[in-house]
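Next come the chains, spelled out residue by residue.
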Amino acid sequence: MKNKSICLDFNHMMSEFIQEQGLTEKDIESLSDKVQQANQAMVMKRKNGYMDWRDLPYNQNETVEEIVNYIEEVKDKIDAFVVLGIGGSALGPIAVQQAINHPYYNELSKEKRNGYPKLYVIDNIDPERLPGLFDIIDLKTTLFNVITKSGSTSETMSQFMIVKQILEEEMGAEEAKKHIVCTTDKEKGNLIKIAKEEGYQTFIIPDGVGGRFSELTPVGLLPAAMCGIDIKELLAGAAYMDERCKEDNILKNPGHMYGLLQYLAMKKGKNISVMMPYADSLKYIADWYAQLWAESLGKKYDLQGNKVYVGQTPVKALGVTDQHSQVQLYAEGPFDKVIVFIGVDQYRDTVTIPTLYKEIPSLGFLGGNTQNQLIQTEQMATEYALMKAKKMNMTITLPKVDEFTIGQLLYFFEVATGFTGELMNINAFDQPGVEEGKNATYAMFGRPGYEKKKAELDARPKKQEKYMI
Ligand code: PA5
């Protein structure tokens, strides 16, 4: 199995490579009690049902069967599958689709898509987005997947209302029903009630699994399988990583080690976490990670209620593209970042650079090599340059990008996030900081029950002309 394992290489986090900016083995050993406690907390929380996402690799079999059967039923009738969701209900589906499928999947013919529909994920309420979509799809051959764990998110529910009305106008209420499938909680929120009353096909998000940890539920499994992705392999990859992350010995536990390294890095003032995959296919894994890391670890209070204002700001980058954009800052700017590269051993294609312009030495040297060698060499060269500049960096390598390794990668980051939260002594599974903005929106939109908030907003300091130029 080793050759199917993803690998975490943290050499360049260590002082042997980046001297005083790095960590020592002593730094790691000195936290062994804390690590042990965090380990136990992870085990206990899992046992007591506070981390139900950890069991997803094992308990989704029935759901997988339901999904596969449903897809068999609808696949031939549809050309487009549109996800309406936001945050944890959108980023995973985008990341997994981009990772596994053809880079121009939607542009392929249906035959080349093996009969599966195109995928669109509408994760914003920009008023230009849905009308734009309606210009390019045929409603009669489109299936809309409304995904919301809470069943009440304004962004998603407003999209649902717009789509429902348009479908009903186009084809009548009875027919419209066949074009909507819901993914939500089994009882909480408005969507499940509506789905039951109006008779929509529905998939249930298991209890105890929060939005950003829900990719391995129908939230991610349905859109993935709808595009021909092998979701059993995705879950198998996650289960494989789960075994690795059960190790008590942190030196053998990649998820916990990643968390510990980031925790120690934060203690040394590295408050920015850059995620830089060297593969277009992994570009949106960085987006998914950004939400997971930011929402889980950016917290005002610790578990005892003390104000701590902690967190590491995630930054998304793409190798090699951002070598020509951000790497200057990473190399010569402040010592405030941990740069995480994600590399791939075996890309799914090989492209040879033609042997041209031999007479121009500064160009001819490229010929005869592959783009594969070039991208991997540039990655190594950037790792080297950052190491030389004493910038903390580490590398996660996937033997190749497929369902099994992506399952591992997702689960690895989830465990790392949970473990880092334990070390930081914060709750990694809530997001109180996003509530204020939501409540202010409700108040301004006149939602019943938000009158007090509206009064508070009305009393806020007025913006002044002199500061607007
Ligand atoms: O991680 C989270 O819980 C959030 O980012 C949610 O995923 C996001 O707010 C969308 O929520 P819901 O799925 O309830 O619509």
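Computed from a prediction, not measured in an experiment: that's the story for all the values here.

A word on the overall build of the protein
For step 1, the next point in the chain: When you go through the protein residue by residue, the secondary structure sums to 20 helices and twelve strands.
For step 2, the next point in the chain: A compact globule built from 469 residues should have a C-alpha radius of gyration of about 23 Å, and the protein, at 24 Å, falls within 12% of that.
For step 3, the next point in the chain: Within the protein, buried positions represent 50% of all 469 residues.
For step 4, the next point in the chain: At a minimum sequence separation of 6, the contacts of the protein that also span at least 24 residues come to 75%.
For step 5, the next point in the chain: Total accessible area on the protein is roughly 22900 Å²; 53% of this is exposed by carbon and sulfur atoms.
For step 6, the next point in the chain: Across the protein, the 53 positively charged side chains and the 64 negatively charged ones have centroids separated by 5 Å.

Digging into the site of the ligand
For step 1, the next point in the chain: Surrounding the ligand, one finds 13 residues, the nearest of these being Ser89, Thr148, Ser150, Thr153 and Gln291.
For step 2, the next point in the chain: In this structure, Ser150 approaches the ligand through a side-chain N or O atom, which is 2.7 Å from an oxygen atom.
For step 3, the next point in the chain: Protein chains bury 87% of the 380 Å² of accessible surface belonging to the ligand in isolation.
For step 4, the next point in the chain: Looking at side-chain class alone, the shell around the ligand contains one nonpolar, nine polar and three charged residues.

Notes on the packing of aromatic side chains
For step 1, the next point in the chain: All chains considered together, the criterion is met by 17 aromatic pairs.
For step 2, the next point in the chain: Note on Tyr70 and Phe203: the rings are 5.5 Å apart at their centroids and 65° apart in plane angle, and the pair reads as edge-to-face. Remark: Phe203 occurs in strand S6 (residues 201–204) and Tyr70 occurs in helix H5 (residues 61–74); sequence separation between them is 133 residues. There is no split in this pair, since Tyr70 and Phe203 are both buried.
For step 3, the next point in the chain: Each residue in the set Tyr258, Trp288, Tyr289, Trp293, Phe412 and Phe413 is aromatic and connected to the rest through ring pairs, giving one cluster.
For step 4, the next point in the chain: Above the plane of the ring of Tyr116 lies Lys75, whose end atom (NZ or CZ) is 4.2 Å from the centre.
For step 5, the next point in the chain: Taking the ring centre of Tyr105 as reference, the NZ or CZ of Arg113 above it sits at 6.0 Å.

Some points on the sheet that holds strand S7 (residues 272–277)
Pairing between the strands of a sheet comes from backbone hydrogen bonds, and it takes one of two forms, parallel or antiparallel.
For step 1, the next point in the chain: In spatial order, the strands read S1-S12-S11-S7-S10; together these five strands make up an open sheet with mixed pairing. Looking at which strands have only one partner, the edges of the open sheet turn out to be strand S1 (7–9) and strand S10 (313–316). The average angle at which neighbouring strand axes cross in this sheet is 20°, direction not considered.
For step 2, the next point in the chain: One ladder, built from seven bridges, connects strand S11 (residues 337–346) with strand S12 (residues 393–400); its direction is parallel. Each bridged residue has a counterpart across the sheet, and for Ile339 the counterpart in S12 is Asn393.

Description of the pattern of salt bridges
For step 1, the next point in the chain: Across all of its chains, the model carries 26 salt bridges by this definition.
For step 2, the next point in the chain: With its nearest N and O atoms 3.0 Å apart, the salt bridge here joins Asp123 to Arg129.
For step 3, the next point in the chain: When its relative accessible area of 22% is taken as the criterion, Asp123 is described as partly exposed.
For step 4, the next point in the chain: For Glu174, the salt bridge goes to Lys177, with nearest N and O atoms at 2.9 Å. Taken as a pair, Glu174 and Lys177 lie in helix H9 (residues 173–177) at a separation of three residues, close to a single helical turn.

Structural notes on the domain arrangement of the protein
Where interface size is given, it is often the accessible area lost as the parts come together that is meant.
For step 1, the next point in the chain: By domain assignment, the protein separates into domain 1 (2–30 + 235–424) and domain 2 (53–229).
For step 2, the next point in the chain: For domain 1 versus domain 2, the separation of C-alpha centres amounts to 30 Å.
For step 3, the next point in the chain: Of the roughly 2200 Å² buried between domain 1 and domain 2 on both sides combined, carbon and sulfur atoms contribute 63%.
For step 4, the next point in the chain: Where domain 1 touches domain 2, the interface holds two salt bridges.
For step 5, the next point in the chain: Close ionic contact of Arg212 with Glu295 constitutes a salt bridge, the shortest N to O distance being 3.1 Å.
For step 6, the next point in the chain: Joining domain 1 to domain 2, the criterion identifies eight residue pairs in polar contact (both at pLDDT 80 or more).
For step 7, the next point in the chain: Breaking the side of domain 1 that touches domain 2 down by element, the ones donating at least two residues are helix H12 (231–244), helix H14 (283–297) and helix H18 (403–424).
For step 8, the next point in the chain: For the side of domain 1 that touches domain 2, the element with the highest residue contribution is H14, accounting for eight residues.
For step 9, the next point in the chain: Class assignment for the residues of the side of domain 1 that touches domain 2 results in 14 nonpolar, four polar and eleven charged.

Details of the packing of helix H13 (residues 254–267) against H18
For step 1, the next point in the chain: The contact between H13 and H18 brings their axes to 7 Å, and the two run at 45°. On the basis of their axis angle, the class for H13 and H18 is oblique. Handedness of the crossing formed by H13 with H18: right-handed. Residues Pro254, Gly255, His256, Tyr258, Gly259, Leu260, Tyr263 and Met266 of H13 form the contact with H18, whose own contacting residues are Phe412, Phe413, Val415, Ala416, Phe419, Thr420, Leu423 and Met424.

Points about the nonpolar core
For step 1, the next point in the chain: Within the largest apolar cluster, 97 residues are counted, with the highest numbers of intra-cluster contacts made by Tyr258, Leu282, Ile396, Ile406 and Phe413.
For step 2, the next point in the chain: The element that contributes the greatest number of residues to this core is H18, accounting for eleven residues.
For step 3, the next point in the chain: Among residues more than four places away in sequence, those in contact with Phe413 are Tyr258, Met275, Ile285, Trp288, Tyr289, Leu292, Ile342 and Ile396.
For step 4, the next point in the chain: Listed in part, the 22 residues of the second largest apolar core include Leu84, Ile122, Leu139 and Ala176.

Some points on the pairing of strand S2 (residues 80–84)
For step 1, the next point in the chain: Among the five residues in S2, five count as buried, and that is most of the element.
For step 2, the next point in the chain: Burial of S2 is two-sided: the residues Ala80, Val82 and Leu84 facing one way and the residues Phe81 and Val83 facing the other way are all buried.
For step 3, the next point in the chain: Two elements, S2 and strand S3 (residues 118–122), share five bridges in a ladder whose sense is parallel. When the bridges of S3 are listed, Leu84 appears paired with Ile122.
For step 4, the next point in the chain: A crossover links S2 with its parallel partner S3, the connecting element being helix H6 (residues 91–100), and its sense is right-handed.
For step 5, the next point in the chain: Relative to strand S4 (residues 142–148), S2 runs parallel, the two sharing five bridges. For Val82, the partnering residue across the bridge sits in S4 and is Phe144.

Rules used throughout
- Residues numbered from 1 in each chain as written.
- Predicted model: local features only at pLDDT ≥ 70, side-chain atom pairs only at ≥ 80, totals over all residues.
- Heavy atoms only, no water.
- Helix = DSSP H or I, 4+ residues; strand = E, 2+ residues; numbered from the N terminus.
- Rg over C-alpha atoms; globule rule 2.2 N^0.38 Å.
- Buried < 20%, exposed > 50% of the residue type's maximum accessible area, 1.4 Å probe, protein only.
- Contact = heavy atoms within 4.5 Å.
- Areas by Shrake-Rupley, 256 points an atom, 1.4 Å probe, with all protein chains shown as cover.
- Lys, Arg positive; Asp, Glu negative; His and termini not counted.
- Charge placed at Lys NZ, Arg CZ, Asp CG, Glu CD.
- Near = heavy atom within 4 Å.
- Polar contact = N/O pair within 3.5 Å; in protein donor to acceptor, adjacent residues only side chain to side chain.
- Nonpolar A, V, L, I, M, F, W, Y, C, P; charged D, E, K, R; others polar.
- Phe/Tyr/Trp six-rings, centres within 6.5 Å; stacked < 30°, edge-to-face > 60°.
- Lys NZ or Arg CZ within 6 Å of the ring centre and 35° of its normal.
- Pairing = 2+ DSSP bridges.
- Axes fitted to C-alpha atoms, helices over the stretch in contact; angles between N-to-C directions.
- Salt bridge = Lys/Arg side-chain N within 4 Å of Asp/Glu carboxyl O.
- Domains from an automatic or database assignment.
- Buried area = accessible area lost by both parts, 1.4 Å probe.
- Parallel < 35°, antiparallel > 145°, perpendicular 65-115°, else oblique.
- Left-handed = near helix turned anticlockwise from the far one by under 90°.
- Core = buried A, V, L, I, M, F, W, Y, C linked by side-chain atoms within 4.5 Å.
- Right-handed = clockwise from strand over helix to strand, strands pointing away.

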